[in-house]
Amino acid sequence: MESRAGVSKQDIREQIWDYMESQNLADFPRPVHHRIPNFKGSYLACQNIKDLEVFARTQEVKVDPDKPLEGVRLLALQSKKTLLVPTPRLRTGLFNRITPPPGATKDVLRKCATSQGVKNYSVPVGLDSRVLVDLVVVGSVAVSEKGWRIGKGEGYADLEYAMMVSMGAVDQGTPVVTIVHDCQVVNIPEALLEDHDLTVDYILTPTRVITTGCTRPKPTGIMWSKISSAMMGRIPILRSLCSREKQAGKDVTLQDEHPHFLETRSPHTAPPSAVRRPCDPRQPEAGSVHRDDVPSDTVYVGNLPGDTRVSELKRALRERGACPLRLTWQGPQRGAFLHYQDSAAAQRAVACLQGFHLGANTLRVALARQQRGHDLTGGLAGEPHPAHSPAI
């Protein structure tokens, strides 16, 4: 499948997801949108890893928990390799080691390879554990024959790899494999790649084994300038790694601690706390908002239906092609702030969202700087305002 010229990563994701749904190429869970697709034929594609010499000589394999990679997890267990699976969203650590019970039958191994089996038969692996990963297997939404990879947009595979580098578990010579449907192999402009993006060395599909020959360097560790205080708050292992690298004399300045970030904030605005994402506007006291205090890359969305959930708003924004870099949710009554890459992107989003409906309501969408203080606070002066609004 060919990708269109002049597209973004999100455009390519949507193109793949839409095509797989329209052609009925996926198994449960459906729809595939916003997921690593569990494509039909994934088990067959996973079997192709047996043809790779790098798999045959592997002792420790890190395999993502995505459903289409279940076949590789099973093969690793059947081959008596050490199987490492990342914890979901890195909430409780980096890895779980899957340890089947003694004398496990093939049926038990199949259960161990599932997401439920990972929960039931896993042992956490701490930072001080000696781990040397011989092979990394990741899921993808799209990948090119050159080895450029696009995930579902949350960045966990890239971050997991960078964390493994920081732990000394992988290096530039550690092979990376991805397993996808043939339609997910597309042309991806190299201009879309960033320094933190993970590339792949092998692509397995139901019909092909592709050796990419990719020479683009993989991430050399955690780019702390890309990490926000909010992310540090959510991922305990990041805090531990940050402390270690700081003691080792490395620069661990976070994204929202950089001078260029602080200079963009109003002098009346306090530094961001660990529970807010970078560039989120300080939540003001009711009736005290000044337009100049709000970054020009921020869009305000109001007049939400009273029963709106943030997940519904995020889904609707994605469907309209106006997905922000970050979203600060204040609840249905007070609306939401959408944070884009720059003011031009924010203006395009406003144009795209004109006449935007959610339920029976036509939403109020405008650059946040153009909104009155009344609108930014979502209520009249004197109404109580929450001390903290979660950043999503």
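It should be emphasised that the depicted structure is a prediction, and the values quoted were computed from it without experimental measurement.

A separate point is the overall build of the protein. From N to C terminus, the protein includes 13 helices and 16 strands. When burial is assessed residue by residue, the protein has 52% of its 392 residues classed as buried. Considering only contacts within the protein whose residues lie at least 6 apart along the sequence, 66% involve residues at least 24 apart. For the protein, the accessible area works out to roughly 18600 Å², and carbon and sulfur atoms hold 49% of it.

Here the focus is the environment of D195. Locating D195 in the fold gives a position in the loop between β8 (176-179) and β9 (202-204). Overall, D195 belongs to the exposed group, its relative accessible area being 58%. Between the alpha carbons of D195 and P217 there is a distance of 8.5 Å; along the sequence they are 22 residues apart. Look past the residues within four positions of D195 in its chain and what remains in contact with it is R216, P219 and M223.

Taking 1.5 Å per residue as the helical rise, helix α7 (residues 156-167) with its 12 residues ought to reach 16 Å, and the 16 Å between its terminal C-alpha atoms agrees with that figure. Of all 12 residues in α7, 10 are buried; the element is thus mostly enclosed. Taken as a whole, α7 has its buried residues at Y156, A157, D158, L159, E160, Y161, A162, M163, M164 and V165. The first or second residue beyond α7 is G168, which carries a positive phi of 80°.

This paragraph deals with the side chain of E60. Checked against the element boundaries, E60 lands in strand β1 (residues 60-63). No salt bridge forms around the buried E60; measuring N to O, its nearest opposite-charge neighbour R97 is 4.9 Å away. If we ignore the near neighbours within four places in the chain, the residues touching E60 are T82, L84, V131, L132, V133, D134 and L135.

We now examine the confidence of the model for the protein. Mean pLDDT over the protein works out to 81, with 83% of the residues at or above the 70 mark. For residues 372-392, every residue scores under 50 in pLDDT, and the model assigns this stretch 54 contacts once sequence neighbours within four places are set aside.

We now examine the pairing of strand β12 (residues 326-329). Residues of β12 alternate between two faces, with R326 and T328 on one and L327 and W329 on the opposite face, all of them buried. Examined bridge by bridge, β12 and strand β13 (residues 336-339) share 4 bridges and lie antiparallel to one another. Looking across to β13, one finds that W329 is bridged to A336.

Another aspect to go through is the sheet that holds β1. The 8 strands are arranged β4-β3-β2-β1-β5-β8-β9-β10 in an open sheet whose pairing can be described as mixed. Only two strands of the sheet have a single neighbouring strand rather than two, namely β4 (122-125) and β10 (209-211). Adjacent strand axes in the sheet meet at a mean angle of 25°, parallel and antiparallel pairs treated alike. Pairing analysis gives 4 bridges linking strand β3 (residues 95-98) to β4, with the strands arranged antiparallel. Opposite R97, over in β4, you have V123 as the bridge partner. This element, helix α4 (residues 70-78), spans β1, β2 (82-86), β3, β5 (135-138) and β8 of the sheet and lies at about 150° to β2.

Here we take up unusual backbone geometry. Here the residue pair F28 and P29 is connected by a cis peptide bond, since its omega of 0° sits within 30 degrees of zero. Summarising the element assignment, P29 is placed in the loop between α1 (9-22) and α2 (42-47). Between R30 and the following residue, P31, the backbone shows a cis peptide bond with an omega angle of -5°. Within the secondary structure layout, P31 lies in the loop between α1 and α2. A positive phi angle is found at H34, which is not glycine, with a value near 70°. Tracing the backbone through its elements, the reader meets H34 in the loop between α1 and α2.

We now examine the sheet that holds β12. Spatial ordering of the open sheet is given by β12-β13-β11-β16, a layout of 4 strands whose pairing is antiparallel. The open sheet has two free edges, formed respectively by β12 and β16 (364-367), since each of these has just one partner strand. With strand direction ignored, the average angle separating the axes of adjacent strands in the sheet is 20°. For strand β11 (residues 298-302) and β13, the ladder comprises 4 bridges, and the chain directions are antiparallel.

For the coordinates displayed, the defined rule picks out 1 aromatic pair. The side chain of K81 reaches across the aromatic face of F55, ending 4.8 Å from its centre.

A separate point is the environment of T211. Positionally, T211 belongs in strand β10. Overall, T211 belongs to the exposed group, its relative accessible area being 56%. The spacing of T211 and L52 is 159 residues in sequence and 9.8 Å in space, taken between C-alpha atoms.

For soluble globular proteins, nonpolar side chains are generally found buried alongside one another. In terms of nonpolar packing, the biggest core is built from 47 residues, with I12, I49, V137, I179 and I188 touching the most fellow members. It is α4 that provides the largest number of residues to this core, a total of 5 residues.

So, on to the pattern of salt bridges. Using the criterion set out here, one finds 12 salt bridges in the structure. The salt bridge partner of R57 is E53, with a shortest N-O separation of 3.3 Å. You'll find R57 and E53 in the same group, each marked exposed. Each of K9, E194, D197 and K226 takes part in a single network of salt bridges with overlapping partners.

What counts and how
- Residues numbered from 1 in each chain as written.
- Predicted model: local features only at pLDDT ≥ 70, side-chain atom pairs only at ≥ 80, totals over all residues.
- Heavy atoms only, no water.
- Helix = DSSP H or I, 4+ residues; strand = E, 2+ residues; numbered from the N terminus.
- Buried < 20%, exposed > 50% of the residue type's maximum accessible area, 1.4 Å probe, protein only.
- Contact = heavy atoms within 4.5 Å.
- Areas by Shrake-Rupley, 256 points an atom, 1.4 Å probe, with all protein chains shown as cover.
- Expected span 1.5 Å × (residues − 1).
- Lys, Arg positive; Asp, Glu negative; His and termini not counted.
- Salt bridge = Lys/Arg side-chain N within 4 Å of Asp/Glu carboxyl O.
- pLDDT = per-residue confidence, 0-100.
- Pairing = 2+ DSSP bridges.
- Axes fitted to C-alpha atoms, helices over the stretch in contact; angles between N-to-C directions.
- Phe/Tyr/Trp six-rings, centres within 6.5 Å; stacked < 30°, edge-to-face > 60°.
- Lys NZ or Arg CZ within 6 Å of the ring centre and 35° of its normal.
- Core = buried A, V, L, I, M, F, W, Y, C linked by side-chain atoms within 4.5 Å.

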